[in-house]
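# Understanding the architecture of this molecule
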Amino acid sequence: MNSNIEKLYKISKKESKIIIGLMSGTSVDGLDIALCQISGAGKNTIIKILHFETATYKNNYKEEIKTVFSKKDVNLEKLCLLNPWVALQHAAMVLEALQKWNFSPTNVDLIASHGQTIYHAPKSLHGKEKFGNATLQIGDGDHLALATGIITISDFRQKHIAAGGEGAPLAVYGDYFLFSKENENRIMLNIGGIANFTFLHGSLDATKMFSTDVGPGNTIMDAYVQQNFPGKYFDEDAAITKQGTVHEKLLEALLDHAFFEQNFPKTTGPELFNLIYLQAAQKKTNTNSISHSDTLATLNKFSALVIAASIKKTLDDEKFVIYISGGGMHNPLLMKNIKNELPNTIFKTTQDLEINPDAKEAVLFAILANECISGADTNFGNSTPSVRMGKISLP
């Protein structure tokens, strides 16, 4: 028997595993590295975060990703080169983090790597009849496995699509296993480049759970800052945005898109919600000349309204608690605007559930890796494919 296959079999039987979860989102700001201890599987999953950090990407990395990120037309050679290159950059970051934590790679059972999304193409967006849903993440698992010496599970989104999903969001699986609570309806709201949430029903019925994208979180705001304020990648503490005033006609135009009328679950990405989307709304309302701060204030309110409207649509008059994670939770004005739209609603973060909100997505991929090799079947109903995901790369 192949020694790595034997090793994988033994890992699958272990009561407790050490799994590194890696997440690099559409904001392309850094690699989230979560060193997790996981026991059990499915609804019996117990997780402890041993260490966590975000390895900030250098400007060189960001600029390289920008050459292929969310673009219909790219240099194919560059795309081929970036696939292993991203994996090697991530591997170096993992090894550096382990050294900092004084934790040997030989004591890590698995790496769960999300990779770097560069294009998301659900059929609802591309509209080509003979093609189905598609998505692409780069950061090859084989390179990551060989560079670290650790069995790597990656490319999770492809099985989701193969089983009839859109490849995103995948949070519902880990959210259900970790955060469901009897008699409490919960919304697990993650605000990254794109905002999404998981609805967890207090009945604990998995078939009533779902995850969905709702629209832009930080993506257009960040892109606008990067375009107009060289050297800045986002508006820290909403300092620029707070100086502005919402332009109502521009806001109305931003909200005028068929995506917001689609039923849940649905997915989207920067392929739709980008600067071109903003420019079309500006042209329609003759608002190209308004100030940067007014534009950002309007974009901030836009994200808040689509998030709040989607949550309202989900639960009607039922009581629920919102648990927030993701980079958008650090934007004070965005959070204020969301809370103003959802009065009398309880807001918490996943820290209240003993999971660092900045680490949450990396942790969820560690859970998907655990499910890949040790999980049992769970019926998630018709809205969520009931599958275990991930491709296995051996060192």
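Residues numbered from 1 in each chain as written. Predicted model: local features only at pLDDT ≥ 70, side-chain atom pairs only at ≥ 80, totals over all residues. Heavy atoms only, no water.

### So, the overall build of the chain
Helix and strand counts for the chain come out as 13 helices and 12 strands. For the chain, whose C-alpha radius of gyration is 20 Å, the value lies close to the compact-globule estimate of 21 Å for 395 residues. Summarising its shape, the C-alpha atoms of the chain cover approximately 70 × 50 × 45 Å along the three principal directions. Of all intrachain contacts in the chain linking residues separated by at least 6 positions in sequence, the fraction that spans at least 24 positions is 70%. Accessible area for the chain stands at about 17600 Å²; split by element, carbon and sulfur atoms hold 49% of it. (Helix = DSSP H or I, 4+ residues; strand = E, 2+ residues; numbered from the N terminus. Rg over C-alpha atoms; globule rule 2.2 N^0.38 Å. Contact = heavy atoms within 4.5 Å. Areas by Shrake-Rupley, 256 points an atom, 1.4 Å probe, with all protein chains shown as cover.)

### Side note on the sheet that holds strand β7 (residues 186-191)
Hydrogen bonds between backbone atoms are what pair the strands of a sheet, whose relative direction is either parallel or antiparallel. If you trace the 5 strands from one edge of the open sheet to the other, you get β9-β8-β7-β10-β11, paired in mixed fashion. One side of each edge strand has no neighbouring strand; the edge strands of this open sheet are β9 (210-216) and β11 (346-349). For this sheet, the mean inter-axis angle between neighbouring strands, taken without regard to orientation, is 25°. Relative to β9, strand β8 (residues 194-200) is paired through 6 bridges, and the arrangement is antiparallel. Across the sheet, residue Ile194 finds its bridge partner in β9, namely Pro216. Running over the sheet, helix α12 (residues 332-341) touches β7, β10 (321-325) and β11 and is turned about 150° from β7. (Pairing = 2+ DSSP bridges. Axes fitted to C-alpha atoms, helices over the stretch in contact; angles between N-to-C directions.)

### Section: the pattern of salt bridges
With the rule as written, the count across this model stands at 12 salt bridges. Among the ionic pairs, Glu6 bridges to Lys10, the shortest N-O distance being 3.8 Å. Of this pair, Glu6 and Lys10 both sit in helix α1 (residues 3-13), 4 residues apart, which is roughly one turn of that helix. The residue Lys66 makes a salt bridge to Glu63 at a minimum N-O spacing of 3.8 Å. (Salt bridge = Lys/Arg side-chain N within 4 Å of Asp/Glu carboxyl O.)

### A word on empty space enclosed by the protein
Considering all chains together, one arrives at 1 cavity of 30 Å³ or more under this definition. Tyr173, Phe177, Leu368, Glu371, Ala376, Asp377, Thr378, Phe380, Ser386, Val387, Arg388 and Met389 together form the lining of the largest cavity. Looking at the lining of the largest cavity, the elements with two or more residues in it are α7 (171-179) and α13 (360-374). (1 Å grid on protein atoms, 1.4 Å probe; cavity = no way out; pocket = protein on both sides within 12 Å on 5 of 7 lines; lining within 4 Å. Points joined across faces, edges and corners; volume = space filled by probe spheres on them.)

### Remarks on the layout of surface pockets
Of the pockets and cavities examined, the second largest pocket occupies roughly 350 Å³. The wall of the second largest pocket is formed by 15 residues, among which Lys72, Tyr119, Ala121, His126 and Lys128 lie closest to the centre. Sorting the residues of the lining of the second largest pocket by element identifies β4 (110-121), α4 (123-126) and β5 (134-138) as the ones contributing at least two each. For the lining of the second largest pocket, the class distribution of residues is 6 nonpolar, 5 polar and 4 charged. (Nonpolar A, V, L, I, M, F, W, Y, C, P; charged D, E, K, R; others polar.)

### Overview of the packing of α7 against α13
Interhelical geometry of α7 versus α13 gives an angle of 90° and a closest axis separation of 9 Å. Looking at the two axes, α7 sits roughly perpendicular to α13. Within the contact between the two elements, α7 uses Ala171, Tyr173, Gly174, Asp175, Phe177, Leu178 and Phe179 and α13 uses Lys360, Val363, Leu364, Ile367, Leu368 and Glu371. A per-class count over the contact of α7 with α13 returns 9 nonpolar, 1 polar and 3 charged. (Parallel < 35°, antiparallel > 145°, perpendicular 65-115°, else oblique.)

### Overview of the nonpolar core
Ile187, Leu189, Phe302, Ile307, Ile311, Ile322 and Ile338 are the most contacted members of the largest nonpolar core, which totals 45 residues. Element by element, the count of residues in this core is highest for helix α11 (residues 292-315), at 10 residues. For Phe302, the contacting residues outside a window of four places in its chain are Pro216, Ile220, Leu251, Leu254, Leu255, Phe260, Phe273 and Tyr277. Judged by nonpolar contacts, the second largest core, of 40 residues, contains Ile38, Leu110, Ala359 and Ala366. (Core = buried A, V, L, I, M, F, W, Y, C linked by side-chain atoms within 4.5 Å. Buried < 20%, exposed > 50% of the residue type's maximum accessible area, 1.4 Å probe, protein only.)

### Details of the packing of α11 against α12
Remark: α11 packs on α12, axes separated minimally by 9 Å, with the N-to-C direction vectors making an angle of 40°. Between α11 and α12, the crossing angle belongs to the class labelled oblique. The crossing of α11 and α12 is right-handed. Where α11 abuts α12, its residues Asn300, Lys301, Ser303, Ala304, Leu305, Ile307, Ala308 and Lys312 lie against Leu333, Leu334, Asn337, Ile338 and Glu341. (Left-handed = near helix turned anticlockwise from the far one by under 90°.)

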